[in-house]
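Residue strings, one per chain:
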Amino acid sequence: MNTSLLLLLLLLLPLLASCVDTKSLVHVFDWFAYYWQVYVVYLRHNDDSAERTLHEIEEHHLSYLFSVKQFEEEARSSLLYSYKHSMNGFAALLTVDEASQLSDMKEVVMVIPSQEREYSLHTTRSWEFIGLDEELKPTQLHKEDLLLKSQYGKDVIVGVMDSGVWPESESFNDRGMGPIPLSWKGVCQTGPTFKKSHCNRKLIGARYYLKGYEARYGHLNTTNDSRSPRDMDGHGTHTASTVGGRGVPNVSALGGFSSGTAFGGAPLARLAIYKVCWPVPGKGKEEGNTCLFEDMLAAFDDAIRDGVHILSISIGSTKPINYTQDGLALGALQATKNNILVVCSGGNEGPAPSTVVNTAPWILTVAASSIDRTFVAPVQLGNGKKIKGQSATPYKLPRRKMYQLVYAADVVNADVPKTYIAGQCLPGSLSSKKAKGKIVFCLRGNGTRVGKGMEVKRAGGIGYILGNSPANGAELTVDAHVLPATAVASEDAIEILKYLNSTRTSRAYIYPGRTVLQTKPAPLMAAFSSRGPSAVSPEILKPDIAAPGLNILAAWTEGNSPTKIESDHRRVKYNILSGTSMACPHVAAAAALLKAIHPDWSSAAIKSALVTSAGLLNNEGKQITDASGNQADAFQFGSGHFRPAKAADPGLIYDASYTDYILFLCSHGDLRAKTPSLCPKTTPSTQNLNYPSFGFPKLNGRVTVRRTVTNVGGKGGVYFATVEPPSGVSVKVSPPIMHFKHVGEKKSFELTVEAKKDRQVGTLKNSMYSFGWLTWSDGIHIVRSPIAVSSV
């Protein structure tokens, strides 16, 4: 394509955005991106880069563009970001030929194209459930209480990379907080709806990143979102308040559900907001959003310079990506180099195996579990049976009587095919003539849960029952439905279908929902939570840990409805949401508390402390189960359910450095394939990374791995190893006893795993995993690591 034409198009972008309707604009940019798209260019690290000013670094990056662009103005206009703190590189609009020319240059490590919609967001009582109760006064707390020891996370800075923040929320008030830490170097970026005064001593910084988004989609539609850090989605406000929200009494979700005091896990931590996620043009917010590679790298770049200690990122790719192609993993690696712990959600693609994302070993990957709170809304059937259900809808049926119950597939419009989809209440599918005044039973599957209820309401239905599929089991995600509604487990959904098929006069009544505490068993693993093994590195056991992610109450934006659906005009200050997105900030908050207690610990040390101290039992004293009641395993919860109080004094830690991770990348092949000159001739096995868990995929014969632990539990101690071997496998530890004389002392051990020659058929089936545990204990501390093994 003619270079002059490209320059002209670039200059016309704002005009195109203002003159073309959204759908047409998307087509324009799809055509435009065919010729010119965003690439991230990684350059070799220069020893003199630290001596250069920021302007000099940017000019150096521009020199590469000058070499492939015909005009200087075009080169400058094409530069989106110059990364100065996280890496040596830049993001720019390039043609395929220009990207190829750059990749051939000696100084260029790699050139990566940004992928459309490569990343998206992973969509109170939880803190009390795991043992942190901010409502207690300091005089009521034991001196060893984690909140008291950590001073509530005082002055730890947590960066939240998400969809922005609603700064007016009471969860972000700064009453009683001291001056902003001197280490903070960030800014409060303004915009049309965001002023400097919106930042305070709690919300100490806020930034937004649009260049990559607008290069792909054109000018932001400001009727859907704000060109500022302001959150018009809700997700970012929810996660930020879960991490570090102040205690706010007498709050609840719509309809009064989950009433009480809402607070974050580290209520005196400082929050820094990095808005990188935006609406997808032509789609509703309830259908998701996009967070672009180059925008996230820019946020990482700023977060490193700003001085954050912990990064909470409830974002992930739609599927696992190799590390050197994964912008989030690459940004997190540079954050780790600067001793910033990056905590990420594991994804919501469960219960299928190998769906977990954010699997890089330098990331703390979090799965989602339930807490001991339910929102009971039973269904009474006409045959006398009462079915358990849950709901957070504020509406109830007009009269206490039985209403006609119909199956969605039986009341669809004539043009809707009678397939399994007919029963899913998809938009426009139901017949108003057939559904009016009735309770409609719909199945989960395609479409959104709230959207199905809106379709029932559109068709004149008076109520709505949502039946789980077998994959969802007994996991019940509650929603602020727009009509009387409840959700039922898969077994109960089958019971309702049997009842519907047994009579021509089916009837039902939906009881109004109510909040019930101390339910059992809890926690259980959410069905939606993505599972291991890692598709990228199965020898690195992922996810790492589990935390509450089902039906979590936290602050919400007043710029969007609780359902995110455009036609829903309700507004709330607090909302219930589910996803590994909600689990991630729980662990980020726990990490902030540990950072406050142990400011000299590395990011790997904090991660190790959380992982090796996790629990395996529910509130009935039994093994944690999945949503169907089956015993859960390490590919669902990693090392177990997080226990922050135990993590404060873990006894031993598995430490690792940036160099260790680089060697891992070289051994893994990603880095060696891209830049062999950066890797030594020989590197340790990826299984020898000093990780607090063990993965042995495709075990054939005997494998021995080495680990090093550091004593942080006291001046002296003797630790004994105990092993629960995976089925069909023998495990030996050498040495089985370790003596420590002082804090900080390091000792190494070897773990040898061997498939038993005489194992019974089926104990370790081909490609199937079995699980075990290695535990070190001195009688006070329990340092537990999961072991996952599969045979060839």
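Quick note: structure is the one above.
Nothing here was measured: the structure is a model prediction, and the numbers come from that model. (Residues numbered from 1 in each chain as written. Predicted model: local features only at pLDDT ≥ 70, side-chain atom pairs only at ≥ 80, totals over all residues. Heavy atoms only, no water.)

Chemist: Looking at this structure, how should I read the overall build of the chain?
Modeler: Within the chain, the secondary structure is distributed over 20 helices and 37 strands. When the 792 residues of the chain are sorted by exposure, 60% land in the buried category. If you sum the accessible surface of the chain, you get close to 30900 Å²; carbon and sulfur atoms cover 51% of it. (Helix = DSSP H or I, 4+ residues; strand = E, 2+ residues; numbered from the N terminus. Buried < 20%, exposed > 50% of the residue type's maximum accessible area, 1.4 Å probe, protein only. Areas by Shrake-Rupley, 256 points an atom, 1.4 Å probe, with all protein chains shown as cover.)

Chemist: Whenever I open this one, the sheet that holds strand β7 (residues 203–208) confuses me. Can you help?
Modeler: Strands pair in a sheet through their backbones, by hydrogen bonds, and they do so in one of two ways: parallel or antiparallel. Sheet architecture is open: seven strands sit in the order β7-β10-β6-β13-β15-β16-β26, paired in parallel fashion. Both edges of this open sheet fall to β7 and β26 (545–548), since each of them pairs with a single strand only. This sheet shows a mean twist of 25° between the axes of neighbouring strands, independent of strand direction. Of the pairings in the sheet, the one linking strand β15 (residues 341–345) to strand β16 (residues 363–369) comprises four bridges and is parallel in character. Within β16, the residue paired with V342 across the bridge is I363. Relative to the sheet, helix α9 (residues 235–244) contacts β6 (157–162), β10 (270–275) and β13 (310–313), its axis offset from that of β6 by approximately 160°. (Pairing = 2+ DSSP bridges. Axes fitted to C-alpha atoms, helices over the stretch in contact; angles between N-to-C directions. Contact = heavy atoms within 4.5 Å.)

Chemist: Help me out: how do you make sense of the packing of aromatic side chains in this one?
Modeler: Each aromatic ring pair is specified by the distance between its two centres and by the angle formed by the two planes. As enumerated under the stated definition, the model contains 17 aromatic pairs in all. With centroids separated by 5.1 Å and ring planes inclined at 85°, the aromatic side chains of Y509 and Y511 adopt a geometry described as edge-to-face. Accessibility classification places Y509 together with Y511 in one group, the buried group. Here Y654 and F749 contribute two aromatic rings whose centre-to-centre distance is 6.4 Å and whose plane-to-plane angle is 80°, an arrangement assigned as edge-to-face. One end of the pair, Y654, is in the loop between β29 (652–653) and α19 (658–668); the other, F749, is in strand β35 (residues 746–755), with 95 residues separating them in the sequence. Put simply, the rings of Y208, Y213, Y217 and W278 touch in pairs and so form one group of aromatic residues. Positioned above the aromatic ring of Y217 is the side chain of R216, whose terminal nitrogen or guanidinium carbon lies 5.3 Å from the ring centre. (Phe/Tyr/Trp six-rings, centres within 6.5 Å; stacked < 30°, edge-to-face > 60°. Lys NZ or Arg CZ within 6 Å of the ring centre and 35° of its normal.)

Chemist: Looking at this structure, I do not really get the side chain of K438. What am I missing?
Modeler: Mapped onto the fold, K438 is located in the loop between α12 (432–435) and β21 (439–443). The buried charged residue K438 lacks any salt bridge, with D410 as its nearest oppositely charged partner at 11 Å. (Lys, Arg positive; Asp, Glu negative; His and termini not counted. Salt bridge = Lys/Arg side-chain N within 4 Å of Asp/Glu carboxyl O.)

Chemist: Would you take a moment to explain the sheet that holds strand β36 (residues 769–777) for this structure?
Modeler: Pairing within the open sheet is mixed, and its five strands lie in the order β30-β37-β36-β32-β34. The sheet terminates laterally at β30 (694–699) and β34 (737–740), the two strands that pair on one side only. Across the sheet, the axes of successive neighbouring strands diverge by a mean angle of 20°, strand direction being ignored. Taken together, the nine bridges between β36 and strand β37 (residues 782–791) define a ladder with antiparallel strand orientation. Bridge pairing in β37 links F771 to A788.

Chemist: Can you help me understand the packing of α9 against helix α15 (residues 580–597) in this one?
Modeler: Any two packed helices are characterised by the angle at which their axes cross and by the distance between the axes. Where α9 meets α15, the closest approach of the two axes is 8 Å, and the angle between their N-to-C directions is 30°. Taken together, the axes of α9 and α15 lie roughly parallel to each other. For α9 against α15, the interelement crossing comes out right-handed. Of α15, the residues touching α9 (which contributes H235, H238, T239, T242 and V243) are S581, M582, P585, H586, A588 and A589. (Parallel < 35°, antiparallel > 145°, perpendicular 65-115°, else oblique. Left-handed = near helix turned anticlockwise from the far one by under 90°.)

Chemist: Honestly, the state of the cysteines in this entry has me stumped. Any pointers?
Modeler: One way to say it: the disulfide is the covalent bond shared by the sulfur atoms of two cysteines. The final tally for this structure, using the stated rule, is four disulfides. Sulfur-sulfur distance for the disulfide between C277 and C291 comes to 2.1 Å. Looking along the S-S bond of the C277-C291 disulfide, the torsion reads about 110°, which is the right-handed sense. On the criterion of sequence distance, the pair formed by C277 in strand β11 (residues 277–279) and C291 in strand β12 (residues 289–291) is long-range, its members being 14 residues apart. In this structure C291 comes out as buried when scored by relative accessible area, which is 0%. (Disulfide = S-S within 2.5 Å.)

Chemist: Is there a simple way to think about the packing of helix α10 (residues 293–306) against helix α11 (residues 327–337) in this case?
Modeler: Axis separation between α10 and α11 bottoms out at 9 Å; the angle between their running directions is 10°. The angle between α10 and α11 places the two elements in the roughly parallel class. Along its contact with α10, which presents F293, M296, L297, F300 and I304, the element α11 presents G327, L328, G331, A332, Q334 and A335. For the contact of α10 with α11, the residue count by class is eight nonpolar, three polar and no charged. (Nonpolar A, V, L, I, M, F, W, Y, C, P; charged D, E, K, R; others polar.)

Chemist: Can you help me understand unusual backbone geometry in this one?
Modeler: Leave glycine aside and you will find that most residues have negative phi; peptide bonds, for their part, are mostly trans. In the segment running from G532 into P533, the intervening peptide bond is cis, with an omega of 5°. By the element assignment, P533 lies in the loop between β25 (514–517) and β26. For the bond running from S734 to P735, omega is -5°, close enough to zero to count as cis. Considering the arrangement of structural elements, one finds P735 in the loop between β33 (729–734) and β34.

Chemist: How do you make sense of the environment of G428 when you look at a structure like this?
Modeler: Relative to the helices and strands, G428 is located in the loop between β20 (403–407) and α12. The exposure class assigned to G428 is partly exposed, which follows from its relative accessible area of 43%. If sequence neighbours within four positions are ignored, G428 has contacts with N413, E455 and R458.

Chemist: Sorry if this is basic, but what is going on with the environment of P470 here?
Modeler: In this structure, P470 sits in the loop between β22 (463–467) and β23 (485–488). For P470, a relative accessible area of 66% translates into the label exposed. When near neighbours in sequence (up to four residues on either side) are disregarded, P470 contacts S490 and S628.

Chemist: Would you take a moment to explain α19 for this structure?
Modeler: Each full turn of the α-helix corresponds to 3.6 residues, which orients residues three or four apart in the same direction. Looking only at α19, the buried set comprises Y661, I662, F664, L665 and C666. One or two positions beyond α19, positive phi appears at G669, with a value near 105°.

Chemist: Which parts of the structure should I look at to understand helix α3 (residues 54–68)?
Modeler: Its 15 residues place the ends of α3 22 Å apart at the C-alpha level, agreeing with the 21 Å of an ideal helix rising 1.5 Å per residue. Where α3 is concerned, the buried positions are I57, H60, H61, L62, Y64, L65 and V68. The secondary structure elements touched by the buried residues of α3 are β1 (37–43), α4 (72–78), β2 (79–83), β3 (89–94), α5 (96–103) and β4 (108–113). (Expected span 1.5 Å × (residues − 1).)

Chemist: Would you mind showing me how to read the nonpolar core here?
Modeler: Soluble globular proteins tend to pack their nonpolar side chains together in the buried interior. Among the nonpolar cores identified, the biggest contains 65 residues, and Y42, M161, L311, I315 and W362 are the most heavily contacted of them. Looking at this core element by element, the count peaks at eight residues for α10. Not counting residues within four places of it along the chain, the set of residues in contact with M161 comprises Y274, V276, M296, A299, F300, L311, S312, I313, S314 and I315. Grouped together as the second largest cluster of nonpolar side chains are 52 residues, L146, V165, A266 and L593 included. (Core = buried A, V, L, I, M, F, W, Y, C linked by side-chain atoms within 4.5 Å.)

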